[in-house]
Amino acid sequence: MNYLNTLNKEQKVAVLSTDGPLLILAGAGSGKTRVLVHRIAYLIDNNGVSPWNILAITFTNKAAEEMRNRVDKIVGQGADSIWVSTFHSLCVRILRRHIDMIGYDTNFTIYDTDDSKTVMKDVMKRLNIDSKMIREKAALAAISSAKDELIDVYEFKENSAGDYRQELIARLYEEYENALRKANALDFDDLIVLTVKLFKECPQVLDNYQERFRYIMVDEYQDTNTAQFELVRLLADKYRNLCVVGDDDQSIYKFRGANIGNILDFEKNYEEAKVVRLEQNYRSTQNILDAANAVIANNTERKEKSLWTDKGAGNRIHFKQLDTAYEEADYIAADIAKAVKKGLVKYGDCAVLYRTNAQSRILEEAFVREGMPYNIVGGVNFYSRREIKDVLAYLKTIDNGVDDVAVKRIINVPKRGIGQTTVAKVSDFAAEQDISFFEALTYGKDIPGIGKAALKLEAFVNMIAVMRSKAEFMDVSALIKDVLATTGYIDELEESDDDDAEDRIDNIDELISKAVSYKEDNPEGTLSDFLAEVALVADIDSVDENADMSLLMTLHGAKGLEFARVYIAGAEDGVFPGMSAVFDEDPTAIEEERRLAYVGITRAKDDLTITCAKARMIRGETQYNSVSRFVKEIPGELMDDKPAPTRALKIDGQELSRYSDGSSERDAFLSKPYGGYSDVTYSKPRAVVMPKVTPAATKPYIAKSASPRAASGSATAGTKLSYGVGDRVRHTKYGEGTVKDISLEPRDYKVTVEFDGAGQKIMYATFAKLEKI
DNA sequence: TTTTACTTCGTTTTT
DNA sequence: CGAAGTAAAA
């Protein structure tokens with residue numbers, strides 16, 4: 001077993017503890033994947049376990065793929081019979097085989113969050129519940145957490161008796177379930193819930209899988225919810241060879257139902273469990289680990305542990321407070337550019353992490369300005385894009401005609417004159433006859449009040465019927481091409497004045513490529529399989545690590561990843577930790593955010609920079625936030641770049657902005673060292689009014705020095721624009737046009753131009769490079 | 001039926 | 001500030 005020599009003492013113990021329940025508490029960067037992979041190899045080589053009997057579960061496809069690759073390398077013979085899978089795809093595979101035993105059809109479709117929302121809207125309309133009484137999102141969130149806790153409609157109803165709002169949700173839950181059932185569709189939660197249900201109702205099926213999966217490993221165990229816990233418990237119940245790996249300090253998915261108790265109480269649930277702690281970190285420098293340890297030490301509910309490394313202290317942690325979020329983004333982009341120029345790192349070694357996706361835009365703009373290669377992870381998933389969802393909806397309609405959401409989505413896309421009134425009539429008819437929407441369509445002129453729309457319905461039904469017959473022998477990519485050709489989808493896009501038409505067409509091409517490579521990887525894969533796979537793809541899964549691009553993503557998205565150089569942006573109370581946590585009376589809310597900080601800090605291998613801004617626009621309002629409490633929890637001696645003394649944001653002796661109530665509290669606030677840095681108290685930022693800066697003269701328009709940066713001490717004078725409202729200008733891409741409006745943004749002029757060819761565009765003067773004609 | 005102009009509303013985090 | 005939803009016009 002020469003590969004055991006590469007492991008440290010604790011790692012070895014973990015690998016050698018092959019039988020019975022095992023909890024591996026693996027601190028960040030402690031080589032847990034390594035341990036898991038070696039453990040699998042050891043089970044096979046040493047204990048003679050058949051690869052067939054091993055199951056490894058992860059949360060993301062990316063993690064599964066990485067483990068798969070590493071297992072393949074070390075195991076060799078028979079590696080492909082090991083199941084390495086995410087929770088969700090594991091369940092899909094099981095359900096596709098057996099879901100008919102609990103009354104579903106095996107070609108079920110999977111609804112994503114968007115689809116669920118559509119269903120919920122429909123349900124609320126049918127039940128005459130106004131969205132003001134309860135938002136769809138809130139109802140869905142409540143239902144989702146119920147499912148995470150394995151609470152079915154019946155139990156939910158019992159629990160809600162007497163509480164008006166809960167009773168309301170109970171009714172929605174019931175109808176939502178009915179709608180999904182009718183559509184032969186499962187949502188994400190159902191995949192887990194129904195697998196558990198299947199196992200409980202069909203002991204012989206469970207037994208079958210228990211025999212199959214004699215050795216089970218679960219990664220990121222701290223993120224499991226009750227349903228997932230139960231699933232694992234059932235599977236492992238017979239042989240009890242369950243190895244879970246996790247770090248309670250990295251539990252950051254409470255909002256998704258993750259139950260930190262699963263890992264904290266593992267030894268209670270499995271009394272014979274062995275526990276191994278991995279505390280030696282192979283990723284980061286000691287300074288970074290000290291910072292992470294210091295921050296997380298402020299949490300109460302945790303298993304005590306402390307990361308250490310034999311790497312040196314390394315660089316100090318950099319901290320920088322900028323005046324505005326705009327400057328913060330600028331600073332980060334420029335700092336990366338500088339480091340790359342110096343030859344310290346490549347772009348691909350750098351990541352910028354933030355709390356909310358909303359922060360990505362401003363950072364992206366900075367990267368564009370600097371002309372740096374970057375990739376944003378998260379935000380809109382590829383498969384959530386409109387054009388992709390449209391095409392997929394065609395495939396779903398072909399595959400599973402009772403999927404009402406899919407059919408309704410594409411019945412008038414591209415436009416074929418079937419409007420909402422017609423759709424409503426068909427819907428009513430379907431409800432009355434208790435048939436699916438698509439089946440109702442086939443009734444054509446028998447639908448009351450349908451009029452001459454019947455012909456259009458008939459044409460649509462025929463088109464789908466033809467596609468269905470083609471689906472029998474075509475593979476997915478050919479089918480997509482056929483859909484595009486017969487519907488004229490691409491043509492409509494090309495003719496539309498949609499600015500993103502080109503991108504959309506590119507995306508569709510991308511989808512076709514994915515279908516082709518799916519076929520290569522899964523020659524036996526059906527259309528249902530393809531659609532299921534596609535539904536379970538997360539954004540992080542498609543990140544190309546070999547491309548030399550800096551990554552921009554949320555702190556959540558960064559879990560499990562590492563980068564030589566990490567930036568944490570927006571380290572402000574109110575942003576990170578977020579508002580809702582700051583004002584939550586439950587202290588565990590802040591603890592969850594703190595774990596997120598811990599995750600963020602421990603992503604960095606060599607160099608960590610934390611930044612924040614004094615002023616930031618959120619929802620069109622400027623907020624003044626103090627430095628994040630988490631930054632204050634990092635011992636000062638670990639940091640350099642102490643923030644410069646705060647200057648008030650003033651222009652020509654005049655305040656740029658003030659509180660709406662006219663108080664000068666902000667002055668006091670800003671004059672504290674580090675903008676409130678030393679002060680622990682926090683008050684809810686108040687709305688402030690930015691005075692409108694209206695250009696006094698139009699032509700020629702010469703700006704006054706008014707940008708916050710210019711005002712805050714640097715020497716840059718105001719920018720001059722060579723044109724004004726009404727002038728004719730030329731743009732490199734859009735050609736000639738007339739300036740309609742100019743307004744002053746915090747840092748730049750926003751110019752509205754009516755282009756002769758391209759229509760009206762709004763752009764920033766600095767990078768539009770407009771030329772007066 | 002479809003396009004447009006206006007109002008409202010909201011932010012964590014995601015498989 | 002945007003997106004998304006609603007009301008009115010074409």
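The structure contained in this document is the topic of the report that follows. Position labels on residues start from 1 in each chain and follow its written sequence. To read the labels, note that chains go from A and ligands from 1, taken in the order they are written. Residues qualify for local features only when their pLDDT is at least 70, as the model is predicted, and side-chain atom pairs are given and counted only at 80 or more; totals for whole chains, interfaces and linings, by contrast, use all residues. Excluded from the side-chain calculation are hydrogens and water; included are all heavy atoms of the structure.

### Some words on the nonpolar core
Applicable threshold: For this analysis, a nonpolar core means a set of buried residues of the types Ala, Val, Leu, Ile, Met, Phe, Trp, Tyr and Cys, connected via side-chain atoms within 4.5 Å. Partly exposed residues are those whose accessible area sits between 20% and 50% of the maximum for their type, while under 20% is buried and over 50% is exposed, using a 1.4 Å probe and protein chains only. Numbering of helices and strands runs from the N terminus; a helix is a DSSP stretch of H or I covering at least four residues, while a strand is a stretch of E covering at least two. Between two residues, a contact is recorded if the distance between any of their heavy atoms is within 4.5 Å.
Leu 392, Leu 395, Leu 441, Phe 460, Ile 480 and Phe 530 are the most contacted members of the largest nonpolar core, which has 52 residues in total. At eight residues, the largest contribution of residues to this core is made by helix α21 (residues 453–471). Ignoring anything within four residues of it in the chain, the contact list for Leu 395 reads Val 476, Leu 479, Ile 480, Leu 527, Phe 530 and Leu 531. Ranked by size, the runner-up nonpolar core spans 49 residues in total, among them Ile 110, Val 196, Phe 266 and Tyr 270.

### A word on the pattern of salt bridges
Test applied: Any Lys or Arg side-chain nitrogen located within 4 Å of an Asp or Glu carboxyl oxygen qualifies as a salt bridge.
Applying the stated criterion to the full structure yields 50 salt bridges. Residue Asp 223 is joined to Lys 559 by a salt bridge in which the shortest nitrogen-to-oxygen separation is 2.1 Å. Linking Asp 223 in the loop between β6 (215–218) and α11 (226–236) with Lys 559 in the loop between β12 (550–554) and β13 (563–568), this pair joins segments that are 336 residues apart in sequence. You can call Asp 223 buried: its relative accessible area is 4%. With relative accessibility at 13%, the residue Lys 559 sits in the buried group. The salt bridge partner of Lys 305 is Asp 248, with a shortest N-O separation of 3.0 Å. Remark: Asp 248 occurs in the loop between β7 (242–246) and α12 (261–264) and Lys 305 occurs in the loop between α14 (286–296) and β9 (317–324); sequence separation between them is 57 residues. As far as the burial class goes, Lys 305 and Asp 248 line up, both buried.

### Points about the sheet that holds strand β1 (residues 22–26)
Note the cut-off: Pairing between strands is defined by DSSP: at least two bridges between them are needed. With axes taken as lines fitted to C-alpha atoms, and helix axes fitted only over the stretch in contact, angles between N-to-C directions fall between 0 and 180 degrees.
Overall, parallel pairing links the six strands, which are arranged β3-β2-β6-β7-β1-β8 in an open sheet. Because the sheet does not close on itself, it has two edges, and the strands there are β3 (83–86) and β8 (274–278). Averaged over all pairs of adjacent strands, the angle between strand axes in this sheet comes to 15°, irrespective of strand direction. Here β6 pairs with β7 via three bridges, running parallel. Paired with Met 217 across the two strands is Cys 243, which belongs to β7. Sheet strands in contact with helix α4 (residues 87–98) are β2 (54–58), β3 and β6, and its direction is about 110° off that of β3.

### Quick word on the protein's contact with DNA strand C
Inclusion rule: For each residue, the test is whether any non-hydrogen atom lies within 4 Å of the molecule or strand; if one does, the residue is near. Here a polar contact is recorded for every N or O atom pair within 3.5 Å, except that within protein the pair must consist of a potential hydrogen donor and a potential acceptor, and residues adjacent in sequence are included only if both atoms are side-chain atoms. Only Asp, Glu, Lys and Arg are considered charged in this grouping, and only Ala, Val, Leu, Ile, Met, Phe, Trp, Tyr, Cys and Pro are considered nonpolar; every other residue, Gly among them, is considered polar.
Around DNA strand C, the surrounding shell consists of Lys 121, Met 617, Arg 619 and Gly 620. Taking Lys 121, its side chain carries an N or O atom lying 2.9 Å from a phosphate oxygen of DNA strand C. Class assignment of the residues belonging to the surface near DNA strand C gives a composition of one nonpolar, one polar and two charged.

### Points about the environment of Asp 727
Considering the arrangement of structural elements, one finds Asp 727 in the loop between α30 (708–711) and β21 (728–731). We classify Asp 727 as buried; its relative accessible area is 7%. In this structure the C-alpha to C-alpha distance between Asp 727 and Gly 737, which are 10 residues apart in sequence, comes to 8.5 Å. A polar contact is formed between the side chain of Asp 727 and the backbone nitrogen of Gly 724, at a distance of 2.9 Å.

### Overview of the packing of aromatic side chains
Our working rule: For Phe, Tyr and Trp, where Trp contributes only its six-membered ring, two rings pair if their centres lie within 6.5 Å, and the inter-plane angle classes them as stacked under 30 degrees, edge-to-face over 60, or tilted in between. Comment: the charge-over-ring label is applied if NZ (Lys) or CZ (Arg) is within 6 Å of the ring centre and within 35 degrees of the ring normal.
Counting across every chain of the model gives 13 aromatic pairs. Their ring planes at 45° and their centres at 5.6 Å tell us that Tyr 253 and Phe 255 sit as a pair that is tilted. One aromatic cluster in this structure is built from Trp 83, Phe 199, Tyr 209 and Phe 213. Positioned above the aromatic ring of Tyr 104, the side-chain terminus of Arg 181 is 4.1 Å from the ring centre. One Lys or Arg, Arg 212, reaches over the ring of Trp 52 and ends 3.5 Å from the middle of that ring.

### Describing helix α25 (residues 527–535)
Of all nine residues making up α25, seven are buried, and the element is well covered by its neighbours. Within α25 the residues assigned to the buried category are Leu 527, Ser 528, Phe 530, Leu 531, Ala 532, Val 534 and Ala 535. Buried residues in α25 make contact with α4, β4 (109–111), α9 (188–201), α17 (386–399), α22 (476–487) and α24 (501–521).

### Thoughts on a positive patch on the surface
Keep this limit in mind: Patch membership is restricted to residues that have no salt bridge and whose relative accessible area is over 30%. Joining uses 9 Å for like charges and 5 Å for the nonpolar side chains Val, Leu, Ile, Met, Phe, Trp and Tyr. Accessibility throughout is a Shrake-Rupley quantity obtained with a 1.4 Å probe, and a residue counts as covered only by protein chains that appear here. His is not counted here, nor are the chain ends, while Lys and Arg score as positive and Asp and Glu score as negative. Lys charges are placed at NZ, Arg charges at CZ, Asp charges at CG and Glu charges at CD.
Together, Lys 117, Lys 121, Arg 135, Lys 137 and Arg 165 line one region of the surface with positive charge. Mapped onto the elements, Arg 165 comes out in helix α8 (residues 164–182). Residue classification places Arg 165 among the partly exposed residues on the basis of a relative accessible area of 40%.

### Here's the deal with the pairing of β9
In the case of a regular strand, side chains alternate between the two sheet surfaces. Taking burial as the measure, the eight residues of β9 include seven buried ones, the bulk of the element. Sheet topology places β9 next to strand β16 (residues 639–640); two bridges connect them, and they run parallel. Bridging from a neighbouring strand, Ile 317 pairs with Met 639 of β16. In this sheet, strand β14 (residues 604–618) lies alongside β9 in parallel orientation, the contact comprising six bridges. Bridging across to β14, His 318 finds its partner in Thr 609.

### Here we look at α14
With respect to burial, α14 is a largely interior element, nine of its 11 residues being buried. Turning to α14, its buried residues are Gln 286, Asn 287, Ile 288, Leu 289, Ala 291, Ala 292, Asn 293, Val 295 and Ile 296. Buried residues along α14 sit against β9, α27 (588–601), β14 and α28 (629–632).

### Quick word on the protein's contact with DNA strand B
DNA strand B sits among 25 residues. The nearest are Phe 59, Arg 135, Arg 355, Asn 357 and Thr 421. Here the atoms of DNA strand B within 4 Å of the protein split so that 51% fall in sugar or phosphate, with bases taking the remainder. Between DNA strand B and Lys 137, the relevant distance is 2.9 Å, taken from a phosphate oxygen to a side-chain nitrogen or oxygen of the residue. Within the side chain of Thr 554, an N or O atom sits 3.0 Å from a phosphate oxygen of DNA strand B.

### Quick look at the pairing of strand β15 (residues 621–624)
The pairing of β14 with β15 spans four bridges and is classified as antiparallel. Note that in β15 the partner of Ala 615 across the bridge is Tyr 624. Where β14 hands over to β15, the hairpin turn is made up of two residues, of which Arg 619 adopts a positive phi near 55°.

### Remarks on the packing of helix α6 (residues 136–148) against α8
Short version of the rule: Reported orientations rely on four angle classes, namely roughly parallel under 35 degrees, roughly antiparallel over 145, roughly perpendicular from 65 to 115, and oblique for the rest.
Running from N to C, α6 and α8 cross one another at 80°; their axes reach a closest spacing of 10 Å. Judged on the interaxial angle alone, α8 and α6 are roughly perpendicular. Contacts between α6 and α8 involve Ala 138, Ala 139, Leu 140, Ala 142, Ile 143, Ala 146 and Lys 147 on the former and, on the latter, Arg 165, Ile 169, Leu 172, Tyr 173, Tyr 176, Glu 177 and Leu 180. For the contact of α6 with α8, the residue count by class is 11 nonpolar, no polar and three charged.

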